[in-house]
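Inside the fold
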Amino acid sequence: MNHVITLFKEQFQNFHLIWKLSIYNVKSEYSNHYLGLFWNILQPLMQAAIYYLIFGLGLRGATAPDSEIPFIVYLISGLFPWLFISQAINIGSNAIYAQLGLVTKMRFPSSVLLSISFTNSLINLSFMTMIIMLISLFNGFVNPLYFLMLIYFIIAAFALIFAINLIMSTLIILVRDFRNVLQNVIRMGFFLTPIFWQPGERGGLLQMISDLNPFAYLVQNFRNALIYGDGLFYGTMEQHIYFWAITIVFLLIGSYLHIKFRYKLIDYL
């Protein structure tokens, strides 16, 4: 637990640095593009259009899991947080490896790189969240006060993603094969997360695996805050306990690995 406290202290102590570098990364990513930051909106919208053609007009025939919510709204309210989660994990798990020279030469707090990658992805998500908010307000899906529950989504997402990235950013350097393993797990996670289907409409093994998927918990809390408003939090008490239990376990494992190898990683290259 001391390792966890140490790493969270590093994040608070370097909060200003994390924010500044995140803004810089977002601006520089599309600095040489004519559309600039507009790509932060355009790219997710293009992906949403592709998935709508496949899963909406194609496989589902444009029928929504919930008749009160148009399928396209249901789709983007699950797709956008998933893109945020997958991007934050993909970039965060490789963040230390990509900046290993900086970390080893300057004694730079390597855990801060994971928060920077998370913040970059969160900034991109904020653009898409505003679009869903406008749609929700226009159609009166939820009371705007439910939007405040996005704060809980951010806290829960940071805790889980930070924990996963602590583990994977170390393992990827120690054993390169974990990079390929992670990419395939994320691909599989897309189909096991209720993005274009609704929890409860699948049975058997798929539903059981989905119930154990912590990303499903995050996506449904995001969706609940913006279009459903079924109580302040999505899920039962058992689901809350399960999510935070698995997050704490990942944090304990990840913080131990990170602290143990943080100054030795260069030896494994």
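What you see is a predicted model, and the numbers here were worked out from it, not measured in a lab.

1. With respect to the UniProt feature "transmembrane region" (unreviewed entry) in the protein
- Residues annotated by UniProt as "transmembrane region" (unreviewed entry) correspond here to residues 37–59, 71–91, 112–138, 150–174, 181–197 and 241–259.
- Between the C-alpha atoms that bound residues 71–91 there is a distance of 30 Å. The span itself is 100% helix and 0% strand.

2. Looking at the environment of A48
- Along the chain, A48 turns up in helix 3 (residues 39–59).
- With 25 residues separating them in the primary sequence, A48 and V73 have C-alpha atoms 10.0 Å apart.
- With residues up to four places along the chain from it excluded, the contact list for A48 reads L75, I76, L79 and F80.

3. Regarding the environment of V112
- Along the chain, V112 falls in helix 6 (residues 111–139).
- On the basis of relative accessible area, V112 is assigned to the buried category, the value being 0%.
- Setting aside anything within four residues of it in sequence, one finds V112 in contact with E10, Q11, N14 and I18.

4. Digging into a nonpolar patch on the surface
- There is a patch of nonpolar side chains on the surface, built from M1, I5, I248 and L252 and spanning about 370 Å² of accessible area.
- Along the polypeptide, M1 turns up in the segment before helix 1 (2–13).

5. A word on the packing of aromatic side chains
- Counted according to the given criterion, the structure contains 12 aromatic pairs.
- On the numbers, 5.7 Å between centres and 45 degrees between planes, the contact of F8 with F162 is tilted. Residue F8 is found in helix 1, and its partner F162 is found in helix 7 (residues 150–174); the two are separated by 154 residues along the sequence.
- Considering the side-chain rings of F243 and W244, the 5.2 Å spacing of their centres and the 85 degrees angle between planes classify their relative orientation as edge-to-face.
- By relative accessible area, F243 is classed as buried at 1%.
- Judged by its relative accessible area of 27%, W244 is partly exposed.
- Site record: aromatic cluster; members linked through ring pairs are F8, F84, F118, F153, F158, F162 and F222.
- Its end group placed over the ring of Y74, R223 keeps NZ or CZ at 3.7 Å from the ring centre.

6. Digging into helix 7
- Here helix 7 contains 25 residues, and its C-alpha end-to-end distance of 35 Å stays within 8% of the 36 Å for a straight helix at 1.5 Å per residue.
- Most of helix 7 sits out of view: 21 of its 25 residues are buried.

7. What about the environment of S77?
- Structurally, S77 is set in helix 4 (residues 71–98).
- Sequence separation between S77 and T129 is 52 residues, and the spatial gap between their C-alpha atoms is 8.3 Å.
- With sequence-adjacent residues up to four places away left out, S77 is seen in contact with I132, F222, R223 and I227.
- Within polar-contact distance, the side chain of S77 engages the backbone oxygen of Y74 at 2.9 Å.

Conventions adopted
Residues numbered from 1 in each chain as written. Predicted model: local features only at pLDDT ≥ 70, side-chain atom pairs only at ≥ 80, totals over all residues. Heavy atoms only, no water. UniProt positions renumbered as here; feature names shortened; annotations may be inferred. Helix = DSSP H or I, 4+ residues; strand = E, 2+ residues; numbered from the N terminus. Contact = heavy atoms within 4.5 Å. Buried < 20%, exposed > 50% of the residue type's maximum accessible area, 1.4 Å probe, protein only. Patch = residues over 30% accessible without salt bridge, like charges linked within 9 Å, V, L, I, M, F, W, Y side chains within 5 Å. Areas by Shrake-Rupley, 256 points an atom, 1.4 Å probe, with all protein chains shown as cover. Salt bridge = Lys/Arg side-chain N within 4 Å of Asp/Glu carboxyl O. Phe/Tyr/Trp six-rings, centres within 6.5 Å; stacked < 30°, edge-to-face > 60°. Lys NZ or Arg CZ within 6 Å of the ring centre and 35° of its normal. Expected span 1.5 Å × (residues − 1). Polar contact = N/O pair within 3.5 Å; in protein donor to acceptor, adjacent residues only side chain to side chain.

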